[in-house]
Amino acid sequence: MHNHDKGEIEMRKSGILLPIFALPSRHGIGGFTAEARTFVDRLAAAGQSCWQILPLGPVGRGNSPYQPVSCFAGETAYIDPEALRSKGLLSAADIAELLPASLNLREGERINYDVVLPAHKALLRRAFGAFRQRLFTGGEKEAYERFCEDNKEWIDDFSLYMSIRDAHCGADWPEWESPLRCRDEAALTQMKQALAADLEFWKWTQYEFFCEWEELAEYAHGRGIEIIGDVPIYAAYESADCWVHPELFQLDEERRPVNVSGAPPDAFTPEGQCWGNPLYDWEHHRSNGYRWWLARLRQNFHLFDVIRLDHMRGFESYYSIPADTQNPLDGHWEKGPDMDFFHQVEREFPASGFIAEDLGFLTEDVFRMIRQTGYPGMKILQFAFDSDESNLYLPDRYDTDHSVVYTGTHDNDTTLGWYRSIADYKQRFVTWYLKKTLGTLTRFRGSEVSADAPESPGGDIPATGETAEIPLPDVEILESADALSGMIELALSTRCETCILPMQDWLGLGSEARINLPGTPEGNWGWQMQAGAFDESLAKRIAILTGKYGRKPSSCPGTPSETLCGERTDDEESSPCSERPSADGKEADLRCRRPRALVLGCLSIDICPRFVSRGAKDFSDVIHPGGITRILGNDICPGGSVANTGIAMKLFGVDPVLCGKIGQDDFGTMLKNMLVRGAGQDSLAGIVEDPAAATAYSLILAPEGLDRAILQNPGANDAYMESELELERFPDCRLMHFGHPPTMRHFYENAGWGLVSVFRRARRAGLATSLDLCAVDPDSDAGREDWEMILTNVLPLVDFFVPSIDELRYMLRMPNASPEELAGASRGLGARNVLIKCGAEGMYFENCDDMSDICSRLGFADGAMADWEGARGMRCAEPVEREVSGLGAGDTSIAAYLAAMLRGFPFRKCVDLAAAEGALCVTKPGATEGLRPFEDL
């Protein structure tokens, strides 16, 4: 959002859920006011990273933000009266007259929308009168007109809709006369002329809304707070969207709903639920490439850093209820767009972050779809105690870090209210689990609760929704306040990357502060936080617990962090420039300036015995079981894609920043020393030392004349996580190269979410990207992953895809495919430029037709890579008189290809250098021993 580069759920962090309307306010409803900025300041002081809000659209039926009058517009009651006064559009007297002090809610009172919305609307009309005078004399005319032009796809229709609605005393479009309801062109033209001033009023309110929101969002960003927004899956039938685009919905010829949304009966709602929204005509959406949905998401990414997608399961299949009965018992499931929709979303928004609201009735197909998207799901602790220890919402049942944990959401009771309302046996279960998991509980208000955890409850546990008591040993049930404190700590302590807690839980409030009770159409969305409740003292207490569980952002004092090798101790930073002509047109000497690149992936010590035997035809000629095989010694060298590619890049004129993880052990010390000798001390700035992990090592058996065999301990490579890559520390790098993800567990699990996430972050940071693969053992954990799906998810984010032919055949399930077919398939999945290493045959390449955006990411002038565009063909391998070892040949040839590109060489020269260095590599035992600087070739 706004080119802000934090749009991912990507590191261990925490935040607070508080809707805009619930902010303290003197004007009856929260808004983009000084109180909002104070809340942001408190979030930062509390060590939080995220502010999650509810949808910002104009509230609709039941004052619900999930029934918006428009899927593109904003709720104008959030506009700050004081901001209008500071612009000279209102006076203090205007505000006092139209927003009287009686609107200031006292403790326990709830927002009265019937009073608040008309009062704010009257205030805005008065401010608009002043704005019109300023507009026509210059003032903000240019900015206003630019806003209207930028948003013309929706704002003209929305303004007309609201104006006609006002002219009909607030009646929604289904109640209008037929010509207007059915958008007769003559009738619409007549209304546009008659209501011209009203149209302009509604456009201005949206201009003011978005201006004020952007200022607030930027204020939050300046304090390190990202905004998590919310997109309801359905549009309201009464909305402008349904009036303007009836073809997108399941409506009849009279524009009445044919089928509506809802949920089937379950243990909690035996009669089911009917929500009443018109269902989408997904075939129509598919036929036009989901144009409306993509525009909707684009609009929301202007507002938010991360989007929570409501009712995610509805994209896989949705519950359809006949509109004429609106009886959930008459409903049935229909297939949704599934991954066809999300593939389109990924192509349109490859660097954007989502959270999947994956609650409710879920099937294996829904789980499969969510895994394939790679979006983090939600874990709700209040749901964890409805059955027994097998409940998947219990933290020790979580099978991934890639999720967001909540005590509860806006649809839940507050945690205090929930705990007070549940049965005694559930309270005992909560007590037992909290003591078992946390040990000693820190009471939120200071003291501690002893926690001698009893044994496991065991026994026969009732299924979800049943009321039979869970058998538990005798345990003293926690007081409500202590249970609340424990639930907060439990959420913070989980493995989930992100923890979001409702503000009401931090305030220790009960059911009186509940925001929404699903299934009740009235009386919701009315709670408001009291002024001063979130004070400095509370922020400090939150910060202590946040730090205790390692969720403070790195800029906060006292945050524990792992040791980074090679970190500078002074304030100096090198900033080498690219050797290719820069974007400002200034030429540079292509041989004297050193670009910089991030090299990310696996690291290891490689131990390579030197065998006596030559001319062996089989390993049995070299190694004799039960006997001793004499060797001439060992070659011990740095290994893994990071070492091989990084050291080679250094030799080729590029300064690498090596990124990976090693242990604090003897192998780790050896590896650091080798890397310093090969790539320099500064290259270690991205290496993480983990005292709890062992440095990876490989025993490489490569008798001359035989294909090598590798015995490998992945060690710290399996412990490295994408959140440990601190991209912001290396702003002068222009390329991120990732090598060998199948050797790194956190990057291939969960449909490759870690891999996709790190490439999204690189793209958001403005980096060009490169990806290399490696062979996969089909019987390993990595081999059992769906690599075709992983590549489907990541390749739209890859500028230079540089795999070997055998591994690509395996991963794409194309065992007999030619290089041309593999390159075409890879380009079809989204890779921009493909270079396939084909062993002794050479390298096949196929490039995209437009390199302008890649030029921009690399900092090159427009047209500087025109010779790359559309190139395709085979570059034959260079002849080799004697091959000693193929170790690292692929890594080093790719290092040459990328280094030559970064240094500005023509495309054909890049490929020639890759072939030459690959041939030199195999003439020596180590990966980099045979290489030579470009200038020596």
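Every value quoted in this text rests on a predicted model; they were computed, and no experiment measured them. (Residues numbered from 1 in each chain as written. Predicted model: local features only at pLDDT ≥ 70, side-chain atom pairs only at ≥ 80, totals over all residues. Heavy atoms only, no water.)

1. Focus: the pattern of salt bridges
Now for step 1: Across all of its chains, the model carries 59 salt bridges by this definition.
Now for step 2: With a closest N to O distance of 3.5 Å, Arg181 and Glu254 form a salt bridge. Taken together, the residues Arg181 in helix H7 (residues 178–181) and Glu254 in the loop between helix H10 (240–244) and strand E4 (259–263) connect sequence positions 73 residues apart.
Now for step 3: The salt bridge involving Asp799 is made with Arg857; its shortest N-O contact spans 2.8 Å. Remark: Arg857 occurs in helix H26 (residues 852–858) and Asp799 occurs in the loop between helix H23 (787–794) and strand E25 (800–801); sequence separation between them is 58 residues. The two residues Asp799 and Arg857 agree in class, both being buried. (Salt bridge = Lys/Arg side-chain N within 4 Å of Asp/Glu carboxyl O. Helix = DSSP H or I, 4+ residues; strand = E, 2+ residues; numbered from the N terminus. Buried < 20%, exposed > 50% of the residue type's maximum accessible area, 1.4 Å probe, protein only.)

2. Regarding the sheet that holds strand E18 (residues 631–639)
Now for step 1: Overall, mixed pairing links the 4 strands, which are arranged E18-E17-E21-E22 in an open sheet. Each edge of the sheet is formed by a strand with only one pairing partner; in this case those strands are E18 and strand E22 (709–713). Along the sheet, successive strands turn relative to each other by an average axial angle of 20 degrees, direction set aside.
Now for step 2: The sheet contacts of helix H20 (residues 640–651) involve strand E17 (604–611) and E18, and relative to E18 the element is tilted by about 85 degrees. (Pairing = 2+ DSSP bridges. Axes fitted to C-alpha atoms, helices over the stretch in contact; angles between N-to-C directions. Contact = heavy atoms within 4.5 Å.)

3. Describing H23
Now for step 1: Among the 8 residues of H23, 7 are classified as buried, and the element is accordingly described as predominantly covered.
Now for step 2: Trp787, Met789, Ile790, Leu791, Thr792, Asn793 and Val794 are the residues of H23 that are buried.
Now for step 3: Packing partners of the buried residues in H23 comprise helix H13 (339–348), helix H14 (364–373), helix H22 (745–764), strand E24 (768–772), E25 and helix H24 (805–811).

4. What to know about the sheet that holds strand E2 (residues 50–52)
Now for step 1: Read across the sheet, 8 strands follow the order E9-E6-E3-E2-E1-E14-E11-E10 without closing on themselves; strand pairing throughout is parallel. This sheet does not close on itself; its edge strands, each paired only once, are strand E9 (353–356) and strand E10 (377–380). With direction set aside, neighbouring strand axes in the sheet form an average angle of 25 degrees.
Now for step 2: Of the strands in this sheet, strand E1 (13–17) and E2 are in contact with helix H1 (residues 34–45), which crosses E2 at around 135 degrees.
Now for step 3: With respect to the sheet, helix H17 (residues 480–493) is in contact with E1, strand E11 (403–406) and strand E14 (498–502), its orientation differing from that of E14 by roughly 155 degrees.

5. Concerning the packing of aromatic side chains
Now for step 1: Under the defined criterion, the tally for this structure stands at 68 aromatic pairs.
Now for step 2: With 5.5 Å between their ring centres and 40 degrees between their planes, Tyr161 and Trp176 make a pair best called tilted. A residue pair is termed long-range when its members are at least 10 positions apart, and Tyr161 in helix H6 (residues 152–167) and Trp176 in the loop between H6 and H7 qualify at 15 residues. Neither Tyr161 nor Trp176 differs from the other in exposure class; each is buried. (Phe/Tyr/Trp six-rings, centres within 6.5 Å; stacked < 30°, edge-to-face > 60°.)

6. A short note on the side chain of Thr415
Now for step 1: With respect to the helices and strands, Thr415 occurs in helix H15 (residues 415–421).
Now for step 2: With relative accessibility at 1%, the residue Thr415 sits in the buried group.
Now for step 3: Reaching out from Thr415, the side chain makes a polar contact with the side chain of Gln382 at a distance of 3.4 Å.
Now for step 4: Those residues in contact with Thr415 that lie beyond four places of it in its chain are Gln382, Thr407, Leu484, Met487 and Asp505. (Polar contact = N/O pair within 3.5 Å; in protein donor to acceptor, adjacent residues only side chain to side chain.)

7. Describing unusual backbone geometry
For residues that are not glycine, phi is negative in most cases, and the peptide bond is trans in most cases.
Now for step 1: Of note in the backbone geometry, Arg183 takes a positive phi value of approximately 60 degrees without being a glycine.
Now for step 2: Relative to the helices and strands, Arg183 resides in the loop between H7 and helix H8 (185–194).
Now for step 3: A positive phi angle, near 65 degrees, is found at Trp525, a position not held by glycine.
Now for step 4: Among the secondary structure elements, Trp525 is positioned in the loop between helix H18 (503–507) and helix H19 (536–548).

8. What about the packing of H22 against H23?
Now for step 1: Interhelical geometry of H22 versus H23 gives an angle of 20 degrees and a closest axis separation of 9 Å. Accordingly, the angle class assigned to the pair H22 and H23 is roughly parallel. Crossing handedness for the pair H22 and H23: right-handed. For the pair H22 and H23, contact is made by Tyr748, Ala751, Gly752, Leu755, Val756 and Phe759 and by Trp787, Ile790, Asn793 and Val794, respectively.
Now for step 2: Partitioning the contact of H22 with H23 into residue classes produces 8 nonpolar, 2 polar and no charged. (Parallel < 35°, antiparallel > 145°, perpendicular 65-115°, else oblique. Left-handed = near helix turned anticlockwise from the far one by under 90°. Nonpolar A, V, L, I, M, F, W, Y, C, P; charged D, E, K, R; others polar.)

9. Digging into the nonpolar core
Looking at soluble globular proteins, one finds that nonpolar side chains tend to be buried together.
Now for step 1: Ranked by internal contacts, the top residues of the largest apolar core, which has 167 residues, are Trp51, Trp204, Trp213, Trp293 and Phe534.
Now for step 2: A total of 11 residues in this core trace back to one element, the largest contributor, which is helix H9 (residues 196–222).
Now for step 3: One finds Met674, Ala768, Phe907 and Ala915 within the second-largest nonpolar core, a separate group that totals 56 residues. (Core = buried A, V, L, I, M, F, W, Y, C linked by side-chain atoms within 4.5 Å.)

10. Focus on the pairing of strand E19 (residues 655–663)
Now for step 1: Of all 9 residues that make up E19, 9 are buried, and the element is covered over most of its length.
Now for step 2: Neither face of E19 is open: one carries Asp655, Val657, Cys659, Lys661 and Gly663, the other Pro656, Leu658, Gly660 and Ile662, and all of them are buried.
Now for step 3: Bridging between strand E16 (residues 596–601) and E19 involves 5 bridges; their strand directions are parallel. Within E19, the position partnered with Leu600 by the bridge is Cys659.
Now for step 4: Note that E19 and strand E20 (residues 686–690) share 5 bridges and pair parallel. Of the residues in E20, the one forming a bridge with Cys659 is Gly686.

11. Focus: a negative patch on the surface
Now for step 1: Where like charges cluster on the molecular surface, the negative patch consists of Asp849, Asp850, Asp867 and Glu869.
Now for step 2: Within the secondary structure, Glu869 is located in the loop between H26 and strand E28 (872–876).
Now for step 3: By relative accessible area, Glu869 is classed as partly exposed at 33%. (Patch = residues over 30% accessible without salt bridge, like charges linked within 9 Å, V, L, I, M, F, W, Y side chains within 5 Å. Areas by Shrake-Rupley, 256 points an atom, 1.4 Å probe, with all protein chains shown as cover. Lys, Arg positive; Asp, Glu negative; His and termini not counted. Charge placed at Lys NZ, Arg CZ, Asp CG, Glu CD.)

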